[in-house]
Amino acid sequence: MEMIYKKSGSAFSYVTDENGNVSQRKMSVSDAEKMVSDGDAVLFDSLDALKSNAQNYVANRQKEYLKIEEQLDKMYHDGFDGWKASIKAIKEKYPKP
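The following refers to the structure shown. (Residues numbered from 1 in each chain as written. Predicted model: local features only at pLDDT ≥ 70, side-chain atom pairs only at ≥ 80, totals over all residues. Heavy atoms only, no water.)

Remarks on helix α3 (residues 68-93)
- Here α3 spans only 20 Å end to end across 26 residues, well under the 38 Å set by a 1.5 Å rise per residue.
- Within α3, the axis deviates most sharply at Asp78, by approximately 120°.
- Along α3, the positions that sit buried rather than exposed are Gln71, Trp83, Ile87 and Ile90.
- In the core, the buried residues of α3 are packed alongside α2 (47-64). (Helix = DSSP H or I, 4+ residues; strand = E, 2+ residues; numbered from the N terminus. Expected span 1.5 Å × (residues − 1). Bend = angle between axes of the 7 residues up to and from the residue. Buried < 20%, exposed > 50% of the residue type's maximum accessible area, 1.4 Å probe, protein only. Contact = heavy atoms within 4.5 Å.)

Structural data, given as structure tokens:
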């Protein structure tokens, strides 16, 4: 989901990847408003709020993910589906903005 911030008659869309890298693109306000109304984007009141939201979900996920060695052990004992379920629970707890 894209995050949008409007300022001075323009809109800026921000997308965060799994590593926390944020890319930005300028767009028209009408396109931004349509994305928000369609549920494809979230509108933030300030750029600081947008950046905070983008950084928080990555940091929160990283705190909860097991170390790679522990994830491999989980796969061995719980199977691939058990491992996927544990990752999915973290992703749902801290959804990508």
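Here we look at the nonpolar core
- Counting residues in hydrophobic clusters, the biggest one holds 7 residues: Met3, Tyr5, Phe12, Tyr14, Phe44, Leu50 and Ala54.
- Among the elements of the structure, β1 (2-7), β2 (10-16) and α2 are those that each provide at least two residues to this core.
- Residues Ile4, Ala11, Ala32 and Ala41 belong to the second largest nonpolar core, which totals 6 residues. (Core = buried A, V, L, I, M, F, W, Y, C linked by side-chain atoms within 4.5 Å.)

Here's the deal with the pattern of salt bridges
- What the rule picks out here adds up to 4 salt bridges.
- Two residues, Asp38 and Lys34, come together in a salt bridge whose shortest N-O distance is 2.7 Å.
- The exposure class of Asp38 is partly exposed, given its relative accessible area of 43%.
- Lys88 is the partner of Glu92 in a salt bridge, and the nearest nitrogen-oxygen pair spans 3.7 Å. (Salt bridge = Lys/Arg side-chain N within 4 Å of Asp/Glu carboxyl O.)

Topic: α2
- With 18 residues, α2 extends 27 Å between its outermost C-alpha atoms, agreeing within 8% with the 26 Å of an ideal straight helix rising 1.5 Å per residue.
- Looking only at α2, the buried set comprises Leu50, Ala54, Tyr57, Val58 and Arg61. Down the axis of α2, the smallest arc covering the buried residues is 90°, so these residues share one side. What points out from α2, more than 90 degrees from its buried face, is the exposed set Asp48, Gln55, Gln62 and Lys63. (Arc of directions from axis to C-beta.)

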